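# Close look at the chain arrangement
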Amino acid sequence: MKSLQISLLFFFLIGSVIPAFSQSKSKKVEKTSFEVTGVCNMCKARIENAALIKGVKLAEWDKKTQLLTVVFNNAKTTPQTIHKAVSDAGHDTKELKAPDQVYKKLPNCCSYRDGAEVH
């Protein structure tokens with residue numbers, strides 16, 4: 001009887017530990033998209049390069065939709081950190097406005113705040 005209780009306890013513990021372990025493994029890689037303002041292919045390169053911080057596996061900005069899609073390891077970075085990196089490069093995101101002094105250093109064709117059209 002005692003060995004049956006020990007066996008049941010063992011299986012209960014193993015049954016609760018394994019799913020928790022496998023969930024943490026599968027949640028490391030995430031994908032998210034958010035708005036980033038830009039107008040040209042130079043903006044595209046700058047936005048994607050800025051987003052490629054430690055932990056980001058893929059960064060792709062679509063000029064037409066103004067969406068940046070990133071695949072990242074959530075144990076190494078967060079969406080907020082990616083927003084900060086992109087805004088620090090001179091591009092407004094939905095959550096953060098780029099610092100004015102950085103924005104003013106962008107090439108003229110990248111002046112999205114001044115009414116420039118996507119080209």
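That block above? That's the structure.
This section reports on the structure supplied with the text. In this text the structure is predicted, and so the values were computed from the model without any measurement.

When you line up the elements, Glu60 lands in strand 2 (residues 56-62). Along the sequence, Glu60 and Lys44 sit 16 residues apart, while their C-alpha atoms lie 8.2 Å from each other. When sequence neighbours within four positions are dropped, the list of residues in contact with Glu60 reads Lys44, Glu48, Leu67, Leu68 and Thr69.

Right, let's talk about the side chain of Thr93 for a bit. By secondary structure assignment, the location of Thr93 is in the loop between helix 3 (79-88) and helix 4 (100-103). At a separation of 3.2 Å, a polar atom in the side chain of Thr93 contacts the main-chain amide nitrogen of Glu95. Not counting residues up to four positions away in its chain, the partners in contact with Thr93 are Phe34, Glu35, Val36, His83 and Val86.

Let us look at unusual backbone geometry. Phi angles above zero are rare outside glycine, and Gln66 is one such case at about 65°. Position of Gln66 relative to the elements: it lies in the loop between strand 2 and strand 3 (67-73). Assessed through its relative accessible area of 16%, Gln66 is described here as buried.

What follows is about the packing of helix 2 (residues 41-51) against helix 3. For the pair helix 2 and helix 3, the least separation of the axes is 8 Å and the interaxial angle reads 140°. With respect to helix 3, the axis of helix 2 lies oblique. Regarding helix 2 and helix 3, the two cross each other, and that crossing is right-handed. Residues Ile47, Ala50 and Ala51 of helix 2 pack against Ile82, Ala85 and Val86 of helix 3. Each residue belonging to the contact of helix 2 with helix 3 can be placed in one class, and the counts come to six nonpolar, no polar and no charged.

This next bit is on the packing of aromatic side chains. According to the stated counting rule, one finds one aromatic pair in the structure shown. On the numbers, 4.9 Å between centres and 75° between planes, the contact of Tyr103 with Tyr112 is edge-to-face. For Tyr103, a relative accessible area of 8% gives the class buried. Its end group placed over the ring of Tyr103, Arg113 keeps NZ or CZ at 4.3 Å from the ring centre.

Turning to a positive patch on the surface, a few remarks are in order. Residues Lys28, Lys54, Lys57 and Lys76 make up a contiguous surface patch of positive charge. Checked against the element boundaries, Lys54 lands in the loop between helix 2 and strand 2. Residue classification places Lys54 among the exposed residues on the basis of a relative accessible area of 69%.

What counts, and at which threshold
Residues numbered from 1 in each chain as written. Predicted model: local features only at pLDDT ≥ 70, side-chain atom pairs only at ≥ 80, totals over all residues. Heavy atoms only, no water. Helix = DSSP H or I, 4+ residues; strand = E, 2+ residues; numbered from the N terminus. Contact = heavy atoms within 4.5 Å. Polar contact = N/O pair within 3.5 Å; in protein donor to acceptor, adjacent residues only side chain to side chain. Buried < 20%, exposed > 50% of the residue type's maximum accessible area, 1.4 Å probe, protein only. Axes fitted to C-alpha atoms, helices over the stretch in contact; angles between N-to-C directions. Parallel < 35°, antiparallel > 145°, perpendicular 65-115°, else oblique. Left-handed = near helix turned anticlockwise from the far one by under 90°. Nonpolar A, V, L, I, M, F, W, Y, C, P; charged D, E, K, R; others polar. Phe/Tyr/Trp six-rings, centres within 6.5 Å; stacked < 30°, edge-to-face > 60°. Lys NZ or Arg CZ within 6 Å of the ring centre and 35° of its normal. Patch = residues over 30% accessible without salt bridge, like charges linked within 9 Å, V, L, I, M, F, W, Y side chains within 5 Å. Areas by Shrake-Rupley, 256 points an atom, 1.4 Å probe, with all protein chains shown as cover. Salt bridge = Lys/Arg side-chain N within 4 Å of Asp/Glu carboxyl O. Lys, Arg positive; Asp, Glu negative; His and termini not counted. Charge placed at Lys NZ, Arg CZ, Asp CG, Glu CD.

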